[in-house]
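# Structural features, examined
Listed below are the residues making up each chain.
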Amino acid sequence: MIDICLLGTCGMMPMPGRWLSCVLLRNGSTLTLFDCGEGTQVPWKALGWGFRQLGAICFSHMHADHVAGLPGVLFMVAHAGRTEPLDIYGPVGTGYVVEGLRRIAAELPFEIRIHEMRGGEEFPLPGNLYGSCAAATHGIPCLAYRVELKRQPAFQPDKARALGLPVQLWSRLQHGETLEFQGQRIRPEQVLGEPRRGIALAYITDTRPTAALSAFARDVDLLICESMYDNPEDLPQARANAHMLAEESASIAREAGARELILTHFSPKINDPTYAEKAARRVFSNTRAARDGMVVTLQFR
Ligand SMILES: [Zn+2]
Ligand SMILES: [Zn+2]
């Protein structure tokens, strides 16, 4: 099970009552943050998930509306008593920006490990999650992220009994270990069922739509995607600023075969995201416009 909170929904600048677009993901007790705009710590505090378990931050890119909240969040994590390392992932240039922001959050009781990527990398995230990234198109280095929680095949007790395996050995096989029993090698596949579908989600923001991004988000349970503009007349502006219309985000969801689309990163001039939601639904019906603080739970199907 994965819980996801849309801490904010605004692009470019925070607005009264609306925070900047970023996403907090909880798996078990662990936390991963996607983007960290100015003031991110405020809705996070209201959410009540705590700060200590933050194990990773994934930055899409180095525009202020996605990074300027970092010193405050680092302070909150330190204040909550974290001493374990914190991994920061982002595009090329992340180290330079994070080092600058660290000058006002210099004394931290934990190590920060920076990982710069170009797209195509795979990397571990807290709580046994698998992360991967793809290059987005935004004028500066920018990454889209995919997160997967794998699901073990079901254990088949009748197969284990047929092999004469004592119950004490079952859980080792269940967790993927090959073992010796009465001179025979027993592989997990011998006592496990068919592969099972896990949970997958993608976070795509600050980009033009591309076929590569649709392929990257293939079959996700949830696509969280920017919707900077809600009016088709804004297409020239969307192209010029390397952002998307709501229906362009919806076209990514449709081409990817996503299960659900949640729109976020609305332009400050969008007061009511219902229009973006309606526009997107014409292309991809299972769409919702995010509201600040919205929580979604993804479970194994
Ligand atoms: Zn942005
Ligand atoms: Zn941007």
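Keep in mind that this is a model prediction, so the values were computed, not measured.

### As for the pairing of strand E9 (residues 143-151)
On a regular strand, each side chain points to the face opposite its neighbour's, so the side chains alternate between the two faces of the sheet. When strand E8 (residues 129-135) meets E9, the two strands line up antiparallel, connected through six bridges. Within the sheet, the bridge partner assigned to Tyr-130 lies in E9 and is Glu-148. Sheet topology note: the E9/strand E12 (residues 196-204) ladder contains six bridges and is antiparallel. When the sheet's bridge partners are listed, Leu-149 is paired in E12 with Ile-199.

### Some points on the pairing of strand E2 (residues 22-27)
The buried count for E2 comes to six of six residues, which makes it a mostly enclosed element. Note: strand E1 (residues 2-8) against E2, five bridges, orientation antiparallel. In the strand pairing of E2, Gly-8 is matched with Cys-22. Bridge count for E2 against strand E3 (residues 30-34) is five bridges, and the pairing is antiparallel. Looking at E3, one finds that Leu-24 is bridged to Leu-33. Hairpin connection of E2 to E3: two residues between the antiparallel strands, including Gly-28 at a positive phi of 65°.

### Points about the sheet that holds strand E15 (residues 287-289)
Strand order in the open sheet formed by seven strands is E7-E8-E9-E12-E13-E14-E15, and the pairing between neighbours is mixed. The sheet is open, and its two edges are formed by strand E7 (122-125) and E15, each paired on a single side. Along the sheet, successive strands turn relative to each other by an average axial angle of 20°, direction set aside. Strand direction decides the pairing type here: strand E14 (residues 260-264) and E15, joined by three bridges, are parallel. Paired with Ile-262 across the two strands is Arg-288, which belongs to E15. Against the sheet, helix H9 (residues 246-256) engages E12, strand E13 (222-226), E14 and E15, with an angle of about 155° to E13. The sheet contacts of helix H10 (residues 274-281) involve E14 and E15, and relative to E15 the element is tilted by about 165°.

### Structural notes on the domain arrangement of the protein
Under the domain assignment, the protein is made up of domain 1 (2-153 + 194-298) and domain 2 (154-193). On a C-alpha basis, the centres of domain 1 and domain 2 stand 40 Å from each other. The interface is formed by four residues belonging to domain 1 together with four residues belonging to domain 2. Classifying every residue of the side of domain 1 that touches domain 2 gives one nonpolar, one polar and two charged.

Definitions and cut-offs
- Residues numbered from 1 in each chain as written.
- Chains lettered and ligands numbered in written order.
- Predicted model: local features only at pLDDT ≥ 70, side-chain atom pairs only at ≥ 80, totals over all residues.
- Pairing = 2+ DSSP bridges.
- Helix = DSSP H or I, 4+ residues; strand = E, 2+ residues; numbered from the N terminus.
- Buried ≥ 20, exposed ≤ 12 C-beta atoms within 10 Å, placed from the backbone.
- Axes fitted to C-alpha atoms, helices over the stretch in contact; angles between N-to-C directions.
- Contact = placed C-beta atoms within 7 Å.
- Domains from an automatic or database assignment.
- Nonpolar A, V, L, I, M, F, W, Y, C, P; charged D, E, K, R; others polar.

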